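A structural walkthrough
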Amino acid sequence: MQPLPTLLATLLLLPLVFPGQPQLVRGVSNSVDASGTCHCVVHLPNNSVLLQQLEQLQSMARELISQYEQELFRASEYARATEDQENQALEMSHTQEIRNPSAIVSLHETPGFDLLFLQLEGAQKLATQLKTKGGVGWAAGGAAGLLHQLQDQVTNASLTLKLLADTNQHSFGALQQEVDVLHGQLNECEREKEQEQASRNPGPPLPPGSCAHGGLQKVSRPLVLQLNWRGLSHKAGAWGRDSAPGSDSPLYWVAPLRADGRYFDYYNLHKSYNDLVMMKNYEQWKIGYGDGSGNTVYKNFMYFNYYGTNDMAMVNLSSNTLVLRRPLPGATYDNRFSYAGVPWKDLDFAGDEKGLWVLYATEESKGNLVVSRLNESTLEVEKSWHTSQYKPALSGAFMACGVLYALRSLSTRQEEIFYAFDTTSGQERHLSILLDKMLDTLHGINYCPSDHKLYVYNDGYLVHYDLTFLTLKPTLSRLAVKRPSGDRAPPKPVKSNKPSRS
């Protein structure tokens, strides 16, 4: 194949000998030597006007060829200047492909592609200039066909190059998606590995009432304290310990419901864990106006839903007296938005390290779960948060360190803690922590900050779980900071032994 300047020079001379044109020459012959230089011999008639026109066309050809050669020279200089960069880019791409396949270089980003595209643009530009400067006689002659053919070839080459680049880009995009999926799976595996290592090496135990952790990590297998509490007539209810932070009270409470699964009319108080196991040394108190299994005990007061209303009730456990009754604004009741499989649990009370809470739904929230922090003395709502979870789709919920954890049923023997809402930051996230159960339905669910246990009334079974929280990694604020050499520590204040003057 002849170089493009040779073809252009030949095309400039072809109109002089083509049929239909004035015969300016008697014959044209050319040859190309070993170095690629074109030698042309032209036999011209003795006509000064024709010679002048020919010289003008040859001058135009030399000018256009010179322009093209300059563009090729600049492109070759660009190619040489970027050769090292291309090699480095390819080497880095290969290294990153091994370490991170998502870092593969696209064809659009390689210098070789830029150079080839630049050369094709230059050829198209020169062909257009030849057609424009040749005049009407040129366009009408037979050389126009060769010029059009040349333009078509350049155009086809440009389209082929673009198609190749687009195809490469499409393949790169598909590969990028696959790499992103694999990268996500790898991150998930790393997270599970970290959790497994943290569970094997839990570090120092979390102090009672402490929230210095990264959230709930896992739940232990259930430990059954009592089987079938008081027979089949008390399948629903709630139990636990005082959920106030720092409470060292050994008191355990059990609040079963009647056979209808709604009416809460008495509760038992046990002075120790052993007394509860042996069913001895307990007190039984009649109450007669409780509704559902959303009870909790906080600072020696029991909080529950007053029967047939949206009122919150507060009973002093020391005297079994009703201290306060107050409506919860907007809260639905009479089984309007209770949990799935757990009827009449319209108001669900909870206590944790951050205070006293109530979980419920409203008509305004369209049944989605609402979390409200309560004043423990007046039962006034201090602040409320609206979650994105439909309460009747949940099987239960509890609070720990100001974070709401919601459960859903996976089977008759397993639950999943799948959702968390942090009231401190207002952020929600999804998780997957499995919780085994003895029977189908979890009724009362209460968390105790003093022992980090979850107490569950499970179809008459009294069950509790140990909760494990993620250990926080040490931060710079907790680490000793090494001072640069030469810096002195600030002097410590010296206490004066002299008495202060009044």
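Residues numbered from 1 in each chain as written. Predicted model: local features only at pLDDT ≥ 70, side-chain atom pairs only at ≥ 80, totals over all residues. Heavy atoms only, no water.

**Side note on the overall build of the chain**
Formally: Secondary structure elements follow DSSP: runs of H or I no shorter than four residues count as helices, runs of E no shorter than two count as strands, and numbering proceeds from the N terminus. Exposed residues in this analysis have more than 50% of their type's maximum accessible area, buried residues have under 20%, and partly exposed residues fall in between, with area computed by a 1.4 Å probe over protein chains only. The Shrake-Rupley method, run with a 1.4 Å probe, gives the accessible areas here. Residue values count only the displayed protein chains as cover.
A tally of regular secondary structure across the chain gives six helices and 22 strands. Relative to its 502 residues, the chain shows a buried fraction of 39%. Taken as a whole, the chain presents about 27800 Å² of accessible surface, with 54% of it coming from carbon and sulfur.

**Concerning the pairing of strand E12 (residues 348–352)**
Let me state the cut-off plainly: Here, a strand pair is defined by DSSP locating no fewer than two bridges between the strands.
Extensive coverage of E12 is indicated by the burial of five of its five residues. Alternating positions in E12 separate into two faces, Asp348, Ala350 and Asp352 on one and Phe349 and Gly351 on the other, with burial throughout. Taken together, the five bridges between E12 and strand E13 (residues 355–361) define a ladder with antiparallel strand orientation. Its bridge partner lying in E13, Ala350 is registered against Trp357. The hairpin formed by E12 and E13 contains two residues between the paired strands.

**Let's talk about the state of the cysteines**
Put simply, the test is: When two cysteine sulfur atoms lie within 2.5 Å, the pair is treated as a disulfide.
Counting across every chain of the model gives one disulfide. Residue Cys211 pairs covalently with Cys401 via a disulfide, S to S 2.1 Å. Its torsion about the S-S bond being -100°, the disulfide of Cys211 and Cys401 is classed as left-handed. Taken together, the residues Cys211 in the loop between helix H5 (143–200) and strand E3 (213–219) and Cys401 in the loop between strand E16 (396–400) and strand E17 (403–411) connect sequence positions 190 residues apart. Residue classification places Cys211 among the partly exposed positions, given a relative accessible area of 28%.

**Quick word on the nonpolar core**
For clarity, the threshold we go by: Buried Ala, Val, Leu, Ile, Met, Phe, Trp, Tyr and Cys residues that are joined via side-chain atoms within 4.5 Å together make up what is termed a nonpolar core. In what follows, a contact means two residues having at least one pair of non-hydrogen atoms within 4.5 Å.
Core analysis: the biggest nonpolar cluster contains 22 residues, and Leu216, Phe398, Ile417 and Leu454 have the highest contact counts within it. Of all elements in the fold, only E3, E16, E17, strand E18 (414–422), strand E19 (428–436), strand E20 (445–448), strand E21 (453–458) and strand E22 (461–471) reach the threshold of two or more residues within this core. When residues no more than four places from it in sequence are discounted, the contact partners of Leu216 are Phe398, Tyr405, Ile417, Ile433, Leu467, Thr468 and Phe469.

**Overview of the side chain of Asn305**
Inclusion rule: For this analysis, a polar contact is any N or O atom pair within 3.5 Å, provided that within protein one partner can donate a hydrogen and the other can accept it, and provided that sequence-adjacent residues contribute only side-chain to side-chain pairs.
Relative to the helices and strands, Asn305 is located in strand E9 (residues 301–306). Asn305 sits in the buried class, given a relative accessible area of 1%. Engagement of the side chain of Asn305 in a polar contact is seen with the backbone oxygen of Thr309, the distance being 3.0 Å. Within the structure, Asn305 has its side chain in polar contact with the backbone oxygen of Asp311 (distance 3.1 Å). Discounting residues that sit within four places of it in the chain, Asn305 has contacts with Tyr289, Gly290, Asp291, Asn310, Asp311, Asp346, Leu347 and Phe349.

**Describing the side chain of Asn268**
Structurally, Asn268 can be placed in strand E7 (residues 263–270). Within the local environment of Asn268, its side chain forms a polar contact with the side chain of Gln284, the two groups lying 3.1 Å apart.

**Overview of the sheet that holds strand E10 (residues 311–316)**
Just so we agree on the cut-off: Geometry is summarised by axes, namely lines fitted to C-alpha atoms with helices restricted to the contacting stretch, and by angles between N-to-C directions that run from 0 to 180 degrees.
In space, the seven strands of this open sheet follow the order E5-E6-E7-E8-E9-E10-E11, with antiparallel pairing throughout. Looking at which strands have only one partner, the edges of the open sheet turn out to be strand E5 (237–241) and strand E11 (321–327). The average undirected angle you get between the axes of adjacent strands in this sheet is 30°. The pairing of E5 with strand E6 (residues 252–256) spans five bridges and is antiparallel. Across the sheet, residue Ala238 finds its bridge partner in E6, namely Ala255.

**What about the pairing of E17?**
Direction of pairing for E16 relative to E17: antiparallel, over a ladder of five bridges. Within E17, the position partnered with Phe398 by the bridge is Tyr405. The hairpin formed by E16 and E17 contains two residues between the paired strands, and Cys401 there has a positive phi angle of roughly 55°. With eight bridges connecting them, E17 and E18 associate as antiparallel partners. Within the sheet, the bridge partner assigned to Ser411 lies in E18 and is Gln414. Here E17 folds back onto E18 in antiparallel fashion, the turn holding two residues.

**With respect to the environment of Asn368**
Here Asn368 shows up in strand E14 (residues 368–374). Overall, Asn368 belongs to the partly exposed group, its relative accessible area being 22%. Taking the C-alpha atoms as reference points, Asn368 and Thr387, 19 residues apart in sequence, are found 6.4 Å from one another.

**Focus: empty space enclosed by the protein**
Put simply, the rule reads: Here a cavity means grid points, on a 1 Å grid over the protein atoms only, where a 1.4 Å probe fits yet cannot get out; a pocket means an open set of points with protein on both sides within 12 Å along at least five of seven lines; lining residues are those with an atom within 4 Å of a point. Grid points are joined across faces, edges and corners, and a volume is the space filled by probe spheres set on the points. Note on residue categories: nonpolar means Ala, Val, Leu, Ile, Met, Phe, Trp, Tyr, Cys or Pro, charged means Asp, Glu, Lys or Arg, and polar means any other residue, Gly included.
Under the criterion given, the structure shown has three cavities of 30 Å³ or more. Volume-wise, the largest cavity comes out at about 50 Å³. Taken together, Asp242, Ser249, Leu251, Trp253, Val297, Asn300 and Leu317 make up the full set of residues lining the largest cavity. For the lining of the largest cavity, the residue count by class is four nonpolar, two polar and one charged.

**Focus on the sheet that holds E13**
Here we have four strands laid out as an open sheet, ordered E12-E13-E14-E15, and antiparallel in their pairing. With partners counted over all chains shown, the strands left at the sheet margins are E12 and strand E15 (381–390), one partner each. The sheet shows a mean angle of 25° between the axes of neighbouring strands, taken without regard to direction. Where E13 and E14 come together, six bridges link them in antiparallel fashion. Each bridged residue has a counterpart across the sheet, and for Trp357 the counterpart in E14 is Arg373.

**So, the confidence of the model for the chain**
Worth spelling out the cut-off: pLDDT gives the predictor's per-residue confidence on a scale running from 0 to 100.
Overall, the predicted model of the chain reaches an average pLDDT of 77, with 58% of residues at or above 70. Within the model, pLDDT remains below 50 along residues 7–26, and this stretch shows 44 contacts once partners closer than five positions in the same chain are excluded. Below pLDDT 50 for its whole length, residues 475–502 participates in six contacts with residues either more than four positions away or in separate chains.

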